[in-house]
Amino acid sequence: RNYGLDVLRATAILLVLASHTTFFVIQAIPQSEFIKLTSYFCGFWGVELFFVLSGFLIGKIIRNLAVSDSSHWLVSFWIRRWFRTIPCYLLFLILNIFWYFYLNGVLPESLLSYLIFAQNLAWEHPVFFPEAWSLSIEEYFYLLFPIMIWALIKARLKPETAYLASGAFLLLFSTVLRLISAALEPSLPWDAGVRKVVIFRLDSLIYGIYLSFFIDLIRIRKWQNPLLIIGLIALSISMLAYFNLSHDHSYFLKTLQFSLTSAGFTLVTPYMLDLSIAERSILGGFFRKTALWSYSMYLCNFLIYNMIQTLIFSSYFADRPGEGALPCIALMLVLTYLVSALVYASYEFPMMNLRESAIARLQPFITIPRETTP
């Protein structure tokens, strides 16, 4: 594992946690627009950073598989990805279903769409299991990007060319679609109508994909520091725009801000790869563990928030939310870490270990015989 990437991954999930825990503060100080904006901003940046890291980490895997001359690399990639992402997703989907039934006495609508990640494909995400929106974007990216590379290789393009061309297509597709849709529908909401819709956000992983392709060149030329400066400038512009423009009325926020934020995090990442500050300290260990548990933390934290909100905050602190905010935040953080550590050790990690054995068992069925020349 790379320590710098662990720090980035831990930062991403801590931003998401900051966003969701701040909901208790918002209820205690409902008149503060700055707290509301800061809460949503933390969630926005946290998920965008996750997208860039996902693209960067799987980019080299896909590229190596595509050039490996293996006849079943596509299926092999999907099996590895799905064993990594879907078991935990299904676990927390089921837990959210139980919680929803406990509150409402009925099952959520459109459950089938959650099984195929189509609940926000080209429309707003339902209220149920709200954090699942980002998983849909990632899963469709994992499906489409390798297929495009495979098809272009079959069309006689070199694997590297197919890789870059597929990335360019998805990057332009979602970016141009945002530009057109925001122009045609000025009332399109920034969050539900753009940020959390799959077809508008497939480009969010491409920045990391391209970084994985050029990272060796960047490190050889020692471009980390200049790129860091440019990346921080891009992120600063993103932050200033976020806090100064009207989200649902700004054309820039609904279109190019997403591109600028992704580019900013992408340019910061090469510098972080060589990070060693506090690596062997208690703080370094905290970053590593938080990064290790980050996927489970992402999936469980909002469910824990909802349970604390319903069973404790609304019941015991309804008339004095200012007193209940800090205890509920502390309880949410503790439970999130405990649940995530338990899920990782007893379920997430064992499921990842099944990947190679599953691939080995399926290999006789997914290997395509090579064409031979007489």
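Conventions used here
- The numbers attached to residues start from 1 for each chain and follow its sequence in the written order.
- Per-residue local features are limited, in this predicted model, to residues with pLDDT of at least 70; the limit for side-chain atom pairs, both in listing and counting, is 80 or more; totals at the level of whole chains, interfaces and linings are taken over all residues.
- Each side-chain value is derived from all of the structure's non-hydrogen atoms; neither hydrogens nor water enter the calculation.
- Labels follow the DSSP assignment, with helices taken as runs of H or I lasting at least four residues and strands as runs of E lasting at least two, numbered in each case from the N terminus.
- Throughout, the radius of gyration refers to the C-alpha atoms, and the reference size of a globule is 2.2 Å times the residue count to the power 0.38.
- Two residues qualify as a contact provided that any one of their heavy atoms is within 4.5 Å of a heavy atom in the partner residue.
- One confidence number per residue, pLDDT, is output by the predictor and ranges from 0 to 100.
- For Phe, Tyr and Trp, where Trp contributes only its six-membered ring, two rings pair if their centres lie within 6.5 Å, and the inter-plane angle classes them as stacked under 30 degrees, edge-to-face over 60, or tilted in between.
- Exposure classes here rest on a 1.4 Å probe applied to the protein chains alone. A residue is buried below 20% of its type maximum, exposed above 50%, and partly exposed in between.
- For our purposes a nonpolar core is just a set of buried Ala, Val, Leu, Ile, Met, Phe, Trp, Tyr and Cys residues, chained together by side-chain atoms within 4.5 Å.
- Here a salt bridge means any side-chain nitrogen of Lys or Arg lying within 4 Å of a carboxyl oxygen belonging to Asp or Glu.
- One fewer than the residue count of a helix, multiplied by 1.5 Å, yields its expected span.
- By disulfide we mean two sulfur atoms from cysteines, separated by a distance within 2.5 Å.
- Counting of polar contacts relies on pairs of N or O atoms within 3.5 Å, with two restrictions inside protein: one atom must be capable of donating a hydrogen and the other of accepting it, and residues adjacent in sequence are counted only when both atoms are side-chain atoms.
- Patches here: salt-bridge-free residues with over 30% relative accessible area, like charges joined within 9 Å, nonpolar side chains (Val, Leu, Ile, Met, Phe, Trp, Tyr) joined within 5 Å.
- All accessible-area figures derive from a Shrake-Rupley calculation using a 1.4 Å probe, and residue coverage is judged against the displayed protein chains alone.
- Geometry is summarised by axes, namely lines fitted to C-alpha atoms with helices restricted to the contacting stretch, and by angles between N-to-C directions that run from 0 to 180 degrees.
- Should an angle fall under 35 degrees it is called roughly parallel, over 145 degrees roughly antiparallel, and 65 to 115 degrees roughly perpendicular, with every other angle called oblique.
- Amino acids outside the nonpolar list (Ala, Val, Leu, Ile, Met, Phe, Trp, Tyr, Cys, Pro) and the charged list (Asp, Glu, Lys, Arg) are all regarded as polar, and Gly is one of them.

Draft legend 1. Local environment of the overall build of the protein. Check the secondary structure of the protein and you find 14 helices and zero strands. Counting helices and strands in the order they occur from the N terminus, the protein gives α-α-α-α-α-α-α-α-α-α-α-α-α-α. Here the protein has a C-alpha radius of gyration of 21 Å; the compact-globule value for 374 residues is 21 Å, and the two agree. If you line up the protein on its principal axes, its C-alpha atoms span 85 × 50 × 45 Å.

Draft legend 2. Fine view of the side chain of E348. With respect to the helices and strands, E348 occurs in helix α14 (residues 321–366). Each residue touching E348, except ones within four places of it in the same chain, is listed here: R84, C88, Y295, S296 and V343.

Draft legend 3. A look at the confidence of the model for the protein. Across the protein, the average pLDDT comes to 92, with 95% of residues at 70 or higher. pLDDT under 50 marks residues 367–374. Its contacts with residues more than four places away, or in other chains, come to six contacts.

Draft legend 4. Summary view of the packing of aromatic side chains. By the definition in use, this model includes 39 aromatic pairs. Here the aromatic rings of W99 and Y102 are separated by 5.3 Å at their centres, their planes lie at 25 degrees, and the arrangement is stacked. Taken together, the residues span about one helical turn, with W99 and Y102 both in helix α3 (residues 73–104) at a distance of three residues. Aromatic side chains Y210 and F214 sit 6.5 Å apart centroid to centroid with 10 degrees between the ring planes, which places their arrangement in the stacked category. In this pair, Y210 and F214 both sit in helix α9 (residues 206–221), four residues apart, roughly one turn of the helix. Owing to a relative accessible area of 35%, F214 belongs among the partly exposed residues under this scheme. Three or more aromatic residues link up through ring pairs in this structure, and these residues are F34, F41, F44, W45, W190, Y242, F243, F258 and F265.

Draft legend 5. A look at the nonpolar core. Core analysis: the biggest nonpolar cluster contains 102 residues, and F24, Y89, F129, F141, F145 and Y298 have the highest contact counts within it. Among the elements that take part in this core, helix α2 (residues 33–66) stands out by supplying 15 residues, more than any other. In contact with Y298, other than residues within four places in its own chain, are I13, V16, V47, F50, E131, W133, S134 and L135.

Draft legend 6. Molecular detail of the pattern of salt bridges. Applying the stated criterion across every chain yields a total of 13 salt bridges. Between R219 and D274 there is a salt bridge, with the nearest N and O atoms lying 2.5 Å from each other. Taken together, the residues span a long stretch of sequence, with R219 in helix α9 and D274 in the loop between α11 (256–272) and α12 (282–292) at a distance of 55 residues. Among the residues examined, D274 registers a relative accessible area of 43% and is labelled partly exposed.

Draft legend 7. Structural detail: helix α6 (residues 159–184). Given a rise of 1.5 Å per residue, 26 residues ought to cover 38 Å, and the 37 Å separating the end C-alpha atoms of α6 matches this to within 8%. Where α6 is concerned, the buried positions are A162, Y163, S166, G167, L170, S174, T175, R178, S181 and A182. Buried residues along α6 sit in contact with α2, α5 (133–154), α7 (190–195), α8 (198–201), α9 and α11.

Draft legend 8. Main features of the environment of Y40. Note on placement: Y40 falls in helix α2. Considering only alpha carbons, one finds Y40 and D191, 151 residues apart in sequence, at a separation of 9.6 Å.

Draft legend 9. The arrangement of the state of the cysteines in detail. One pass over the full model with this rule turns up zero disulfides. Sulfur of C42: no disulfide; nearest cysteine sulfur belongs to C300 and is 18 Å away. Its sulfur unpaired, C328 is 16 Å from the next cysteine sulfur, which belongs to C300.

Draft legend 10. View of the side chain of S250. Among the secondary structure elements, S250 is positioned in the loop between α10 (224–244) and α11. Within polar-contact distance, the side chain of S250 engages the backbone nitrogen of F252 at 3.4 Å.

Draft legend 11. Representation of a nonpolar patch on the surface in the model. On the surface, L90, L112, L115 and I116 cluster together to form a nonpolar patch covering roughly 390 Å² of accessible area. As for its position among the elements, L90 is in helix α3.

Draft legend 12. Spotlight on the environment of V25. Structurally, the position occupied by V25 is in helix α1 (residues 3–28). For the pair V25 and I137, spaced 112 residues apart in the sequence, the C-alpha separation amounts to 30 Å. Not counting the four nearest positions on each side in its chain, V25 is found in contact with I35, A325 and I329.

Draft legend 13. Fine view of the packing of α5 against helix α13 (residues 294–316). Interaxial distance between α5 and α13 falls to 11 Å at its minimum, and their mutual angle equals 135 degrees. With respect to α13, the element α5 is oriented oblique. Where α5 approaches α13, its residues W133, S134 and L135 are matched on the opposing element by Y295, Y298 and L299. Taken together, the residues of the contact of α5 with α13 sort by class into five nonpolar, one polar and no charged.

Draft legend 14. Fine view of the environment of P321. Tracing the backbone through its elements, the reader meets P321 in helix α14. In this structure, the C-alpha to C-alpha distance between P321 and I29, residues 292 residues apart in sequence, is 8.5 Å.

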